[in-house]
Amino acid sequence: MKRHAIYPGTFDPFTNGHLDVLERALTIFEKVIVVIAENSKKQTLFSAKERSAMIETVTASLPGVSVEVLHSGLLAEYAREMGATAIIRGVRQVKDFEYEFQMSLLNRHLNPEVTTVFLMPNVKYTYVASSIIKEVAMLGGDVSKFVHPQVLTMLENKCMEQKP
Ligand code: PNS
């Protein structure tokens, strides 16, 4: 049986840490759908369309990857519709666990057929988070080691757009 997974997140922007987790997921699953979803606690810098184009570029050479946007509704329901058996989540630090644990159990309650799989990125990405990358980039700092060149260009363009 071909098992496939969904890899949801805000991905604002998609970092090399996200890419590392995705590549690890592809060693386990034949197909992984990257799902750009809404986190009610976050305001995004990039639109869903921009993030979708960004992730498509970054993952263009990876077989078995597709990118979708979840515009509304529950992720657990989306997983059911897609027939996904797993939800991939990257964890970097122990502090990520409380929130991840809660989400995982809620998603299991909503859809008992889906299991959350936690993957740890390479240790060099343990301190890479989209929020901090955005902050540093918008203040003119060098984040080129943490994002794909296309993401870097998109960050630079946003920075220009937002300058008075
Ligand atoms: O990258 P993030 O912000 O940590 O990802 C969180 C995300 C988007 C995966 C989560 O907020 C989510 O699943 N949103 C979709 C709506 C949903 O199902 N919410 C209930 C989650 S238990």
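Summary of the structure given here. (Residues numbered from 1 in each chain as written. Predicted model: local features only at pLDDT ≥ 70, side-chain atom pairs only at ≥ 80, totals over all residues. Heavy atoms only, no water.)

A cis amide bond links Asp12 to the next residue, Pro13, at an omega of 5 degrees. As for its placement among the helices and strands, Pro13 is situated in the loop between β1 (4-9) and α1 (16-25). In the Ramachandran plot, Phe11 falls in the positive-phi region, its phi being about 50 degrees despite a non-glycine side chain. Within the secondary structure, Phe11 sits in the loop between β1 and α1. Looking at Phe11, the relative accessible area reads 3%, which means it is buried. (Helix = DSSP H or I, 4+ residues; strand = E, 2+ residues; numbered from the N terminus. Buried < 20%, exposed > 50% of the residue type's maximum accessible area, 1.4 Å probe, protein only.)

Scanning the entire structure with this criterion turns up seven salt bridges. The shortest N-O distance in the salt bridge between Asp96 and Arg92 comes to 3.4 Å. Exposure remark for Asp96: the relative accessible area of 10% places this residue in the buried category. Taking the shortest distance from any N to any O, the salt bridge between Glu161 and Lys158 comes out at 3.7 Å. Taken as a pair, Glu161 and Lys158 lie in helix α6 (residues 149-162) at a separation of three residues, close to a single helical turn. Looking at Glu161, the relative accessible area reads 57%, which means it is exposed. (Salt bridge = Lys/Arg side-chain N within 4 Å of Asp/Glu carboxyl O.)

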